[in-house]
Amino acid sequence: MGNIHKEKGEEELKAELSSLFPGVDKVTIQPDTVKNARNRGYMFVEFVDHKMAVDAKKACTSNKKILFGRWLRNVDWAESQHTPTESELTTIKTLHLAQLPEGAGEGALCRLRLRNRRGPGRAGVLLRPLQDQGGRGEGTR
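Scope of this entry: the structure provided in the associated data block. As the structure is a computational prediction, the values presented were derived from the model and not from experiment.

### Re the overall build of the chain
For step 1, the next point in the chain: The number of helices and strands found in the chain is 4 helices and 6 strands.
For step 2, the next point in the chain: Ordered by position from the N terminus, the helices and strands of the chain form the series α-β-β-α-β-β-α-α-β-β.
For step 3, the next point in the chain: Looking at the chain as a whole, 19% of its 141 residues are labelled buried.
For step 4, the next point in the chain: Summarising the internal contacts of the chain: among those between residues at least 6 apart in sequence, 50% fall at separations of at least 24.

### Here we look at the side chain of Lys8
For step 1, the next point in the chain: Relative to the helices and strands, Lys8 is located in the segment before helix 1 (10-20).
For step 2, the next point in the chain: Summary of buried charges: Lys8 has no salt-bridge partner, and the nearest side chain of opposite charge, Glu12, is 4.1 Å away.
For step 3, the next point in the chain: Each residue touching Lys8, except ones within four places of it in the same chain, is listed here: Leu13, Ile29, Arg38, Asn39 and Phe68.

### Some words on helix 2 (residues 50-62)
For step 1, the next point in the chain: Between its first and last C-alpha atoms helix 2 spans 18 Å; for 13 residues at 1.5 Å apiece the expected length is 18 Å, and the two agree.
For step 2, the next point in the chain: By the burial criterion, the buried members of helix 2 are Ala53, Ala56, Ala59 and Cys60. Mapping the buried residues of helix 2 onto a view down its axis gives an arc of 125°, with all of them on the same face. Opposite the buried face of helix 2, by more than 90 degrees, sit the exposed residues His50, Lys51, Lys58, Thr61 and Ser62.
For step 3, the next point in the chain: Summarising the contacts, the buried residues of helix 2 are in contact with strand 2 (43-47).
For step 4, the next point in the chain: Regarding helix 2, its N-cap is Asp49, as a side-chain oxygen of that residue lies 3.2 Å from the backbone nitrogen of Lys51 further along.

### So, the nonpolar core
For step 1, the next point in the chain: Core analysis: the biggest nonpolar cluster contains 17 residues, and Met1, Leu17, Phe21, Met43 and Leu72 have the highest contact counts within it.
For step 2, the next point in the chain: For this core, the elements supplying multiple residues, two or more each, are helix 1, strand 1 (24-29), strand 2 and helix 2.
For step 3, the next point in the chain: Sequence-distant contacts of Phe21, that is, excluding residues within four places in its chain, are made with Met1, Phe47, Ala56, Ala59, Cys60, Lys65 and Leu72.

### Quick notes on the environment of Arg73
For step 1, the next point in the chain: Along the chain, the position of Arg73 falls in the loop between strand 4 (70-71) and helix 3 (86-89).
For step 2, the next point in the chain: Counting along the chain gives 72 residues from Arg73 to Met1, while the straight-line C-alpha distance between them is 6.2 Å.

### Here's the deal with the side chain of Asp32
For step 1, the next point in the chain: By the secondary structure assignment, Asp32 is in the loop between strand 1 and strand 2.
For step 2, the next point in the chain: No salt bridge is formed by the buried Asp32. Its closest oppositely charged neighbour is Lys6, at 4.7 Å.
For step 3, the next point in the chain: Polar contacts involving the side chain of Asp32 include one to the main-chain amide nitrogen of Lys35, which spans 3.2 Å.
For step 4, the next point in the chain: Those residues within four positions of Asp32 in sequence are excluded, and the remaining contacts are Ala37, Arg38, Asn39 and Arg40.

### Topic: a positive patch on the surface
For step 1, the next point in the chain: On the surface, Lys6, Lys35, Lys64, Arg70 and Arg73 cluster together into a positively charged patch.
For step 2, the next point in the chain: Within the secondary structure, Lys35 is located in the loop between strand 1 and strand 2.
For step 3, the next point in the chain: Judged by its relative accessible area of 61%, Lys35 falls in the exposed class.

### A look at the pattern of salt bridges
For step 1, the next point in the chain: In total, this model carries 2 salt bridges according to the counting rule given.
For step 2, the next point in the chain: A salt bridge links Arg38 to Glu12; the nearest nitrogen and oxygen atoms lie 3.0 Å apart. Placement of the pair is Arg38 in the loop between strand 1 and strand 2 and Glu12 in helix 1, with a sequence separation of 26 residues.
For step 3, the next point in the chain: A salt bridge links Asp55 to Lys51, with the nearest nitrogen and oxygen atoms 2.9 Å apart. Linking Asp55 with Lys51, this pair stays in helix 2, spanning 4 residues, or about one helical turn.
For step 4, the next point in the chain: We classify Asp55 as partly exposed; its relative accessible area is 37%.
For step 5, the next point in the chain: Here Lys51 falls in the exposed class, since its relative accessible area comes to 54%.

What counts as what
Residues numbered from 1 in each chain as written. Predicted model: local features only at pLDDT ≥ 70, side-chain atom pairs only at ≥ 80, totals over all residues. Heavy atoms only, no water. Helix = DSSP H or I, 4+ residues; strand = E, 2+ residues; numbered from the N terminus. Buried < 20%, exposed > 50% of the residue type's maximum accessible area, 1.4 Å probe, protein only. Contact = heavy atoms within 4.5 Å. Lys, Arg positive; Asp, Glu negative; His and termini not counted. Salt bridge = Lys/Arg side-chain N within 4 Å of Asp/Glu carboxyl O. Expected span 1.5 Å × (residues − 1). Arc of directions from axis to C-beta. Polar contact = N/O pair within 3.5 Å; in protein donor to acceptor, adjacent residues only side chain to side chain. Core = buried A, V, L, I, M, F, W, Y, C linked by side-chain atoms within 4.5 Å. Patch = residues over 30% accessible without salt bridge, like charges linked within 9 Å, V, L, I, M, F, W, Y side chains within 5 Å. Areas by Shrake-Rupley, 256 points an atom, 1.4 Å probe, with all protein chains shown as cover. Charge placed at Lys NZ, Arg CZ, Asp CG, Glu CD.

Laid out in structure tokens, this is it:
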């Protein structure tokens with residue numbers, strides 16, 4: 001959830017959010033050390049079950065919700081990110097790139113200098129059309 005008040009902490013946000021939506025279990029913010037704010041203007045919210053999360057998301061998209069005088073914006077599902085271990089890094093052979101600019105082809109991608117934890121290197125690039133991944137793929141890139 002975005003556009004939250006930058007001077008509010010996790011406990012304050014959780015308490016206020018709980019008054020809008022049932023089942024709020026945890027609120028996580030990222031501190032903004034550059035601008036000396038308590039958070040970066042967005043938060044991750046965990047609910048006690050999936051249905052309550054779905055209901056909260058629907059409520060935010062169908063009705064404007066206000067939290068500490070600010071409209072909640074950019075309410076969407078967060079994608080979990082897995083950080084590979086050192087041993088997993090040695091076995092990775094495929095890199096999936098998303099949201100490439102129009103016209104980004106094999107030549108442009110080959111000119112990128114890719115780096116890994118063992119130092120600089122170059123990668124060979126083979127472009128293949130994406131298959132539809134349950135609504136996430138968008139065809140050939």
